[in-house]
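Here is what each chain is made of, one letter per residue.
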Amino acid sequence: MTQYDYDLFVIGGGSGGVRAGRVAASLGKRVAIAEEYRFGGTCVIRGCVPKKLFVYASQFPEHFEDAAGYGWTVGERSFDWKTLIANKDKEIARLEGLYRKGLENAGATIIESRAVLEDAHTIRLQKDGRTVTAETILIATGGHPSLHPALPGHEHCITSDEAFHLEELPKAIVIAGGGYIGVEFANIFHGLGVETTLIYRGKEILGRFDKDLRTALHVEMEAKGIKVLCKEIFTKIEKRPDGRLEAHTNADRTLVVDQVMLAIGRQPNTSGLGLDRAGVTTGPKGEIIVDDYSRTNVENIYAVGDVTDRVQLTPVAIHEAMCFVDTVYRGKPTKPDHEAVATAVFSQPELGTVGLSEEDAAKKYDELEIYKATFRPMRHTLSGRMEKMVMKLIVDAASRRVVGAHVLGVDAGEMAQLLGIAVKAKLTKEDFDATMAVHPTAAEELVTMYQPSYRVKNGELIA
């Protein structure tokens, strides 16, 4: 029987890799985990966590404005970008320490090095050139922002990675991309006082979300002062002698800004990983192809998280990691469940969603009932803010199941998490109706929409 240095070798110290390594080590397996940068991965180091801290920071100007309607007088105020960056960095360092401590306490070996495959069981550690072997290998290297090398002047642009470490807050920025990252950063920079433009090649921002919420968010963003340019792309970026940038578009528009940010998607981190030497199959974007159990075409090599380009969300990577551990080490073959994944866009206002959009549901079900409410939430009545909330339930008319739930407004992300339980449990509209409302809340609207706003049959709107 072949003897290996480790039972499991994990390449990548992000949320998925760390969870798999820590749990496998706690089960008594000999585990090593290699990370070339910092433990915590995209989410903790340069993604969800610092982004949410920036979101909180950017919301304070509206809080200060709203306070007056409630009798508060807010005095002179100012914002210091460097203080935010320093405090963010301190929190990220704390969280990274917790990730490392969890691995150490479980008995995993931490290796600070880039690791590449030499064959199906051999890994080379590039820091010192030595090789180690493992019975099972898990690849959890995540992804990175797309850099758009075909764009003339792309070298002058930043991505979300650099946005977390800017030396100075720009006075003006243009952001390319209408997905999560572009929309969230547009709201962040605007909230911090930056003149902000969002440019997107599609007809409407947030293409995979329900149309009503996408449109409503677009309206609210423009009402706040964010310029949103749809069906438009960059043609070139030029740097001026004064250091500012000129962003030229296909609409003969020139935007003069301090920073140009590209938020046009993410690519799997598989380049130079040695996958070809190990015989691992990849897809057109470089993503690792896996089966229902996260196994590659090579029997002992698995992959989880963004590197597989299935659902690019941190909780999904963690879920896939736990399914991997159940399958390989607990004798319980478990397929990751990617259906009805709740998610949120931390725009301002927030967008929370779970299940199918109206457009997707209409393709799957013969007849739908749509319940929709648009209203000004109570918290805005005294402040004078005109921002509206939108709530929408998508119901399969035949089974009465709520197959989609969507919220735009304050705390929409928190609501989406709880709505996720109901949609995942396949609850019906009658279950929602039978649930007592919590009053006065915005969320009570979700259980008090008794009559459908309209119906959709065979993809067509009916009365």
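Going by the structure above, here's the rest.
A brief structural summary. Quantities reported herein were computed from a predicted structural model and do not represent experimental measurements. (Residues numbered from 1 in each chain as written. Predicted model: local features only at pLDDT ≥ 70, side-chain atom pairs only at ≥ 80, totals over all residues. Heavy atoms only, no water.)

**Some thoughts on unusual backbone geometry**
- Note the cis peptide between Gln 348 and Pro 349, where omega equals 10 degrees.
- By the element assignment, Pro 349 lies in the loop between strand E17 (343–345) and strand E18 (351–355).
- Each neighbour pair has its own omega, and for His 439 with Pro 440 the value is -5 degrees, a cis peptide bond.
- Residue position: Pro 440 is located in the loop between helix H12 (429–433) and strand E22 (454–457).
- Residue Asp 411 is not a glycine yet carries a positive backbone phi of 65 degrees.
- By relative accessible area, which is 41% here, Asp 411 ends up partly exposed.
- The phi torsion at Lys 426 lies on the positive side, around 60 degrees, for a residue other than glycine.
- Topologically, Lys 426 is positioned in the loop between helix H11 (412–424) and H12. (Helix = DSSP H or I, 4+ residues; strand = E, 2+ residues; numbered from the N terminus. Buried < 20%, exposed > 50% of the residue type's maximum accessible area, 1.4 Å probe, protein only.)

**As for the sheet that holds E22**
- The strand order across the open sheet built from seven strands is E17-E18-E21-E20-E19-E22-E23, with neighbouring strands paired in antiparallel fashion. Taken across any chain shown, the strands that pair with only one partner, and hence form the sheet edges, are E17 and strand E23 (460–462). Between one strand axis and the next, the sheet turns by 20 degrees as a mean value, whatever way the strands run.
- Here E17 pairs with E18 via three bridges, running antiparallel. Paired with Thr 343 across the two strands is Thr 353, which belongs to E18. (Pairing = 2+ DSSP bridges. Axes fitted to C-alpha atoms, helices over the stretch in contact; angles between N-to-C directions.)

**Some thoughts on H11**
- Over its 13 residues, H11 extends 18 Å from the first C-alpha to the last, a length consistent with the 18 Å expected when each residue adds 1.5 Å.
- Bending of H11 peaks at approximately 25 degrees at the position of Leu 418.
- For H11, the full list of buried residues reads Ala 412, Gly 413, Met 415, Ala 416, Leu 419, Gly 420, Ala 422 and Val 423.
- Packed against the buried residues of H11 are E17, E18, strand E20 (389–396), strand E21 (402–408) and H12.
- One or two positions beyond H11, positive phi appears at Lys 426, with a value near 60 degrees. (Expected span 1.5 Å × (residues − 1). Bend = angle between axes of the 7 residues up to and from the residue. Contact = heavy atoms within 4.5 Å.)

**Examining the packing of aromatic side chains**
- For the structure shown, the criterion picks out nine aromatic pairs.
- Ring geometry for Tyr 6 versus Phe 9: centroids 6.1 Å apart, planes at 65 degrees, classification edge-to-face. Across this residue pair, the class does not change: Tyr 6 and Phe 9 are buried.
- Put simply, the rings of Phe 54, Trp 81, Phe 164, Phe 185 and Phe 189 pair up and form one aromatic cluster. (Phe/Tyr/Trp six-rings, centres within 6.5 Å; stacked < 30°, edge-to-face > 60°.)

**Structural notes on the nonpolar core**
- Core analysis: the biggest nonpolar cluster contains 41 residues, and Ile 175, Phe 185, Phe 189, Ile 205, Met 221 and Met 261 have the highest contact counts within it.
- At the level of secondary structure, the elements contributing two or more residues to this core comprise helix H3 (48–67), helix H4 (81–106), strand E8 (172–176), helix H6 (180–191), helix H7 (211–224), strand E10 (227–230) and E17.
- The element contributing the most residues to this core is H6, with six residues.
- Excluding its chain neighbours within four sequence positions, the residues that come into contact with Met 261 are Ile 158, Thr 159, Ser 160, Ala 163, Ile 173, Val 174, Ile 175, Ala 176, Ile 181, Phe 185 and Phe 189.
- Counting 25 residues, the second-largest nonpolar core is a separate cluster that includes Phe 9, Ile 111, Ala 134 and Val 280. (Core = buried A, V, L, I, M, F, W, Y, C linked by side-chain atoms within 4.5 Å.)

**Looking at the sheet that holds strand E14 (residues 259–262)**
- Ordered in space as E10-E9-E8-E14, the four strands form an open sheet in which the pairing is parallel. Either end of the sheet is taken by a strand with one partner, and the two such strands are E10 and E14. With direction set aside, neighbouring strand axes in the sheet form an average angle of 15 degrees.
- Note: E8 against E14, four bridges, orientation parallel. Each residue of the ladder has a partner; that of Ala 176, found in E14, is Leu 262.
- On top of the sheet, H6 reaches E8, strand E9 (195–200) and E14; it is set at about 165 degrees to E9, its chief contact.

**A few points about the environment of Ala 416**
- Summarising the element assignment, Ala 416 is placed in helix H11.
- Assessed through its relative accessible area of 1%, Ala 416 is described here as buried.
- Linking Ala 416 and Arg 295, residues 121 residues apart in sequence, is a C-alpha distance of 31 Å.
- The residues contacting Ala 416, other than those within four sequence positions of it, are Ala 342, Thr 343, Gly 352 and Thr 353.

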